[in-house]
Amino acid sequence: MTVAENIIFVDGEVASQVEELGRYVGGLRQQKDTGLNVDEFVQKLEGSSSAVLEASLGGVLARAPEDKLEAVYNQLFAIVGQDSGQLCLAASDIVGDLVASFESGVAALKVLNNLYNVLVAQQASGDSRAAVFSGMISVAQKAGLLGSLVPLVPRLGAMFGEWNVKVDVKERVLVELRRAFDDGALANEAYETEIVFLETLGLESARAAEVAASAIVRFANLPAVCDIDALASISCVQELSKQGRLGEAGELLNVLLASEYKQWKQYCVDDASKLARLGVDVERASDKVRLLTVASLAAGSLGQDVPFAAVSEAIEVEDEEVELWIIDVIRAGLIQGKMNQVSRTLLPTRSTYRVFGQEQWKLLEQRLAQWKLSLASLQPVIANAKIVAQQQAMQMAGQSRVTIKE
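Cut-off values and rules
Residues numbered from 1 in each chain as written. Predicted model: local features only at pLDDT ≥ 70, side-chain atom pairs only at ≥ 80, totals over all residues. Heavy atoms only, no water. Salt bridge = Lys/Arg side-chain N within 4 Å of Asp/Glu carboxyl O. Helix = DSSP H or I, 4+ residues; strand = E, 2+ residues; numbered from the N terminus. Buried < 20%, exposed > 50% of the residue type's maximum accessible area, 1.4 Å probe, protein only. Pairing = 2+ DSSP bridges. Axes fitted to C-alpha atoms, helices over the stretch in contact; angles between N-to-C directions. Parallel < 35°, antiparallel > 145°, perpendicular 65-115°, else oblique. Left-handed = near helix turned anticlockwise from the far one by under 90°. Contact = heavy atoms within 4.5 Å. Nonpolar A, V, L, I, M, F, W, Y, C, P; charged D, E, K, R; others polar. Polar contact = N/O pair within 3.5 Å; in protein donor to acceptor, adjacent residues only side chain to side chain. Core = buried A, V, L, I, M, F, W, Y, C linked by side-chain atoms within 4.5 Å. Expected span 1.5 Å × (residues − 1).

**Observations regarding the pattern of salt bridges**
For the coordinates displayed, the defined rule picks out 18 salt bridges. Linking Glu 176 and Arg 172 is a salt bridge whose minimum nitrogen-to-oxygen distance equals 3.8 Å. Here the residue Glu 176 and the residue Arg 172 both occupy positions in helix α9 (residues 167–183), the gap between them amounting to four residues, near one helical turn. A residue is classified by how much of its surface remains accessible, and Glu 176, at 22% relative accessible area, is partly exposed.

**Topic: the pairing of strand β2 (residues 335–340)**
In this structure, β2 lies alongside strand β3 (residues 345–351), joined through six bridges in antiparallel fashion. From the neighbouring strand, Lys 338 faces β3, where its bridge partner is Leu 347. Count of turn residues in the β2/β3 antiparallel hairpin: four residues, of which Arg 344 carries a positive phi of about 55°.

**Brief notes about the environment of Gly 300**
Along the polypeptide, Gly 300 turns up in the loop between α17 (282–299) and β1 (306–307). Each C-alpha atom of the pair Gly 300 and Tyr 353 lies 9.6 Å from the other, and the pair is 53 residues apart in sequence.

**Focus: the packing of helix α15 (residues 261–270) against α17**
As a packed pair, α15 and α17 sit with axes 9 Å apart at the nearest point and diverge in direction by 160°. By the angle between their directions, the pair α15 and α17 is classed as roughly antiparallel. Taken as a pair, α15 and α17 cross one another with a handedness that is right-handed. Mapping the contact onto sequence places Tyr 261, Trp 264 and Cys 268 in α15 and Val 282, Ala 285, Ser 286, Val 289, Arg 290 and Thr 293 in α17. For the contact of α15 with α17, a count of residues per class yields six nonpolar, two polar and one charged.

**Some details on the packing of helix α8 (residues 156–163) against α9**
Between α8 and α9, whose axes approach to 11 Å, the crossing angle comes to 150°. Considering their axes alone, α8 and α9 lie roughly antiparallel with respect to each other. The hand of the α8/α9 crossing is right-handed. Packed against α8, whose contacting residues are Leu 156, Phe 160 and Trp 163, the element α9 presents Lys 170, Val 173, Leu 174 and Leu 177 at the interface.

**Things to note about the side chain of Glu 323**
For Glu 323, the location among the structural elements is in helix α19 (residues 322–331). Looking at Glu 323, its side chain comes within polar contact range of the side chain of Gln 341, at 2.9 Å.

**Section: the nonpolar core**
Counting 106 residues, the largest nonpolar core has Tyr 73, Leu 198, Leu 252 and Trp 264 as its most contacted members. A per-element tally of this core places helix α11 (residues 208–221) first, with 10 residues. In this view, Tyr 73 contacts Leu 61, Ala 62, Ile 94, Asp 97, Leu 98 and Val 111; residues no more than four positions away in its chain are not counted.

**Brief notes about helix α1 (residues 14–30)**
Here α1 is 17 residues long and its end C-alpha atoms lie 23 Å apart, about the 24 Å a rise of 1.5 Å per residue gives. Restricting attention to buried positions, one finds in α1 the residues Gln 17, Val 18, Leu 21, Gly 22, Tyr 24, Val 25, Gly 26, Gly 27 and Leu 28. Residues of α1 that are buried make contact with α2 (38–45), α3 (49–56) and α4 (66–80).

Printed below as a string of structure tokens:
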């Protein structure tokens, strides 16, 4: 077996660690340059951390076997990290070299994750952390491991706060991530990335209008995404809409917010060319509007039975299909309620509003007033029940008395 396969790292002074890693790097180089003398190679390093770093690049250390890759890079980080400034400056070169030369995506992601954590521990610059994260995106994309990045999407806003970097750096990372998700056919995750973009960067980014327009079209096309408020309530989106900077996508958003299915159907006829230019899948979008229409119907009849016939008429489906549509609306989290298959009615107990404006506030006020009246009417009943309970308790106490005679 070669030296590279039998390497065992030990703790010690930087010079001894450099020698140990240098021998490993020399062994890797010897695989391509059979005339290389490893002892002479190590001597030329002169115990220098910068020298062993330079010798490790060029795809050399990245060629280490998968089971050794994490360990040898950790050793490199330990050596170069003796000077936090040096590791921070070298991070971009290390990442670029690994991204260009890795063979195992899983092992490479572990290495980059370790490097990121070391930089965090050393309170390194946000630019260096961003470079590592960009490397993780590239590796995950090339290796088909984008699923490993999905849990990080909701945390990106907080991570940006820790990085304290300029807007263009955040923008670059988010655009790279969105592109990677798109290339990996992860449309839902690309949409979530756009939501993070709009929430965290907003109008600070020159690409805000483009990203907002893209997010609107994605919302229309994605079957699993039904919470339009998560998009429409973002201050950046609202301001862009007011300024008229969203163009045809802004019109689409307004229609999705305000239209019931029949209105949407007419819009599709009148503005078919606009929808085609935007790239809207009319069939998918129409199904989504049906779901939203049922939710709106339920919102206007909370606590009251909604006949299946009313649902059928509102979304223009056959009566026997209504149950399946209601089930889809419930699964989408738009409403909660119970179906009565005998009476063929829906009793909604909760519903999501697409827009919560003045009209919805008035409706809420009316319902609170009704609730208050209902509680007031129950007070005499409750008071009477208390009196009856007290009388029964007194009677029971009298019956349970026992007299003991001497």
